[in-house]
Amino acid sequence: MKNHDVLDFSTLYKEHWERLFKQIIRILPDEEDACDVVQQTFVDLWEIRDKIHEIKSVQSFLFIMARNIAFKRLKRSLRDEAYFDHYLNRKSELTEVVDEWLFYKEMNSMLNHEIEQLPSKMKEMFVLSRLEGLSYVEIAERLGKSDKTVKKQISNAIKILKLKLGLKYSLPFLAILLF
């Protein structure tokens with residue numbers, strides 16, 4: 001992969017596609033969406049292939065990438081009523097899903113409130129990264145800052161949000177909302 005070898009990438013794809021799909025199908029109820037997430041994971045990996053030598057465990061990295069993409073897609077999809085209905089039908093216990101949805105809505109509301117309380121530049125960088133999906137480099141270019149500054153500001157924002165919201169809610173759920 002260091003030499004951008006397409007054959008190595010093809011082998012990596014064949015070795016990990018099925019395992020990634022099995023992980024993602026547990027998060028997303030729709031097989032087509034799960035396939036899209038796995039495909040997007042490999043597209044994203046291809047785009048950063050020149051940095052792959054810096055990754056200690058490609059398998060773990062792929063699973064984390066896929067999981068984050070799946071959670072973002074689920075978060076967006078749950079805003080669509082038809083998808084939410086489909087999601088509800090897949091769950092065995094309706095009350096559990098409704099409780100999760102209400103908890104998510106409450107948590108999202110609190111998260112938005114806390115984001116508004118961040119210092120203005122930090123908030124701007126966090127929103128561009130987490131809500132608009134821009135990379136550190138893209139944000140740095142847009143705002144005329146270094147990518148290290150952007151990374152540090154976003155890291156600080158996440159720490160602040162975890163501290164403020166982590167006292168009331170579980171950190172694993174915060175991870176879904178923050179990443």
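Refer to the structure above for everything that follows.
Cut-offs and rules
- Residues numbered from 1 in each chain as written.
- Predicted model: local features only at pLDDT ≥ 70, side-chain atom pairs only at ≥ 80, totals over all residues.
- Heavy atoms only, no water.
- Helix = DSSP H or I, 4+ residues; strand = E, 2+ residues; numbered from the N terminus.
- Buried < 20%, exposed > 50% of the residue type's maximum accessible area, 1.4 Å probe, protein only.
- Salt bridge = Lys/Arg side-chain N within 4 Å of Asp/Glu carboxyl O.
- Contact = heavy atoms within 4.5 Å.

In this section: the environment of Ser 146. Mapped onto the elements, Ser 146 comes out in the loop between α7 (136–143) and α8 (147–166). In this structure Ser 146 comes out as partly exposed when scored by relative accessible area, which is 36%. Linking Ser 146 and Tyr 136, residues ten residues apart in sequence, is a C-alpha distance of 8.7 Å.

Turning our attention to the pattern of salt bridges. Scanning the entire structure with this criterion turns up six salt bridges. Among the ionic pairs, Asp 33 bridges to Arg 73, the shortest N-O distance being 3.7 Å. In this pair, Asp 33 sits in helix α2 (residues 31–47) while Arg 73 sits in helix α3 (residues 58–77), placing the two residues 40 residues apart along the sequence. Where Glu 114 meets Lys 164, a salt bridge forms, and the shortest distance between an N and an O atom there is 3.8 Å. With Glu 114 in helix α5 (residues 94–117) and Lys 164 in helix α8, this residue pair connects regions lying 50 residues apart in the sequence. For Glu 114, a relative accessible area of 15% corresponds to the buried category. The class of Lys 164 is partly exposed, set by a relative accessible area of 44%.

Along the polypeptide, Ser 129 turns up in helix α6 (residues 120–131). We classify Ser 129 as buried; its relative accessible area is 5%. In this structure Ser 129 touches Leu 134, Tyr 136, Ile 139 and Ile 154, once residues within four positions along its chain are discounted.

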